[in-house]
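The lines below spell out each chain.
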Amino acid sequence: MTSNSASTRQPVYAQRVEGLGTITLTPVDPAADAALIHSWVTEERARFWGMGEASRELVREIYEDVDRRTTHHAFLARRDGEPVALFQTYDCAEDRVGECYEVQPGDTGVHLLIGPARGAAESGFSSGLVGAFLSYVLSGGTTRRVVAEPDARNEKAIARLVRSGFELGPEVELPEIDLPEVHLPAKRARLAFFRPGAN
């Protein structure tokens, strides 16, 4: 499959969100989706994602690494067929965040990058997306708590999590990861936790 080919992967989740449309989650196809993801992560607005200097090839390699794992998953979120966000889930016990707090059974970590807006900002758009993502994460029955760890400087993301029902935890230092297949620099992050039924 070439980098210009279309993904044949099928959505794993779909939800109709009132006032927003149908949100679907499809596993990232590193070959087919690298160009789109690269265009998003290298924008200034995505600086906290930490891939601003990445080449398209590196983006593809990173998501090939994610694709090989059973503990980490990446999805393109689409609104009525149009890509609008990159959403990732992971087993906290198998991630560097697990070195920074006491992981509980059923902890699932999440990352979210909303794509660039087309046209004027829509009221309720990000909250509708977050709600759909939480519904997906909790739909499997194994997640007891959702964990987020945005960059501590990313005030917008932190505020969005609070509005979505997350409780803020401490600031932590995520350790550097330097492996042949992936490098992640150390990052100061703010932990946030969502407990179903606690809100």
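Residues numbered from 1 in each chain as written. Predicted model: local features only at pLDDT ≥ 70, side-chain atom pairs only at ≥ 80, totals over all residues. Heavy atoms only, no water.

Chemist: I'd like to hear about the sheet that holds strand β4 (residues 82–91), residue by residue, with values.
Modeler: Taken in spatial order, the eight strands line up as β1-β2-β3-β4-β5-β6-β10-β7 in an open sheet, and their pairing is mixed. At either end of the open sheet lies a strand with only one pairing partner, and these are β1 (13–17) and β7 (167–174). Along the sheet, successive strands turn relative to each other by an average axial angle of 30°, direction set aside. Alignment of β1 against strand β2 (residues 21–27), held across five bridges, turns out to be antiparallel. (Pairing = 2+ DSSP bridges. Helix = DSSP H or I, 4+ residues; strand = E, 2+ residues; numbered from the N terminus. Axes fitted to C-alpha atoms, helices over the stretch in contact; angles between N-to-C directions.)

Chemist: Tell me about the nonpolar core, and please be specific about residues and values.
Modeler: With 26 residues, the main nonpolar core has Leu25, Phe87, Leu129, Phe133 and Phe166 as its most contacted residues. Among the elements of the structure, β1, β2, β3 (72–79), β4, β5 (107–114), α3 (125–139), β6 (145–148) and β10 (187–194) are those that each provide at least two residues to this core. Among the elements that make up this core, the one with the highest residue count is α3 (eight residues). When near neighbours in sequence (up to four residues on either side) are disregarded, Phe166 contacts Leu134, Val146, Ala148, Leu161, Ala192, Phe193 and Phe194. In terms of nonpolar packing, the next biggest core, distinct from the first, is built from 15 residues, Trp40, Ile62, Ala74 and Leu86 among them. (Core = buried A, V, L, I, M, F, W, Y, C linked by side-chain atoms within 4.5 Å. Buried < 20%, exposed > 50% of the residue type's maximum accessible area, 1.4 Å probe, protein only. Contact = heavy atoms within 4.5 Å.)

Chemist: Describe the layout of surface pockets, with residues and values.
Modeler: Considered as a void within the structure, the second largest pocket measures approximately 280 Å³ in volume. Looking at the lining of the second largest pocket, the elements with two or more residues in it are β3, β4, β5 and α3. When residues in the lining of the second largest pocket are grouped by element, the largest group, three residues, is from β4. (1 Å grid on protein atoms, 1.4 Å probe; cavity = no way out; pocket = protein on both sides within 12 Å on 5 of 7 lines; lining within 4 Å. Points joined across faces, edges and corners; volume = space filled by probe spheres on them.)

Chemist: Pulling in residues and values, what's your account of the pattern of salt bridges?
Modeler: One pass over the full model with this rule turns up 13 salt bridges. Between Arg153 and Asp151 there is a salt bridge whose closest N-O contact spans 2.8 Å. Counted as one network, the salt bridges with shared partners bring together Asp65, Arg68 and Arg69. (Salt bridge = Lys/Arg side-chain N within 4 Å of Asp/Glu carboxyl O.)

Chemist: I'd like to hear about the side chain of Lys187, residue by residue, with values.
Modeler: With respect to the element layout, Lys187 can be found in strand β10. Take Lys187: its relative accessible area is 17%, and that puts it in the buried class. Only 3.2 Å separates the side chain of Lys187 from the backbone oxygen of Glu149, close enough to count as a polar contact. (Polar contact = N/O pair within 3.5 Å; in protein donor to acceptor, adjacent residues only side chain to side chain.)

Chemist: Go over helix α2 (residues 56–68), please, and point to the residues and values.
Modeler: With 13 residues, α2 extends 19 Å between its outermost C-alpha atoms, agreeing within 8% with the 18 Å of an ideal straight helix rising 1.5 Å per residue. For α2, the set of buried residues is Val59, Ile62, Tyr63, Asp65 and Val66. Within α2, the buried residues cover an arc of 145° as seen down the axis, which keeps them to one side. (Expected span 1.5 Å × (residues − 1). Arc of directions from axis to C-beta.)

Chemist: Break down the pairing of β5 for me, citing the residues and quoting the values.
Modeler: The element β5 is largely enclosed, with a buried count of six among its eight residues. As judged from the seven bridges shared by β4 and β5, these two strands associate in the antiparallel manner. Note on β5: the bridge partner recorded for Phe87 is Leu112. Bridging between β5 and β6 involves four bridges; their strand directions are parallel. Looking across to β6, one finds that Gly109 is bridged to Val147.

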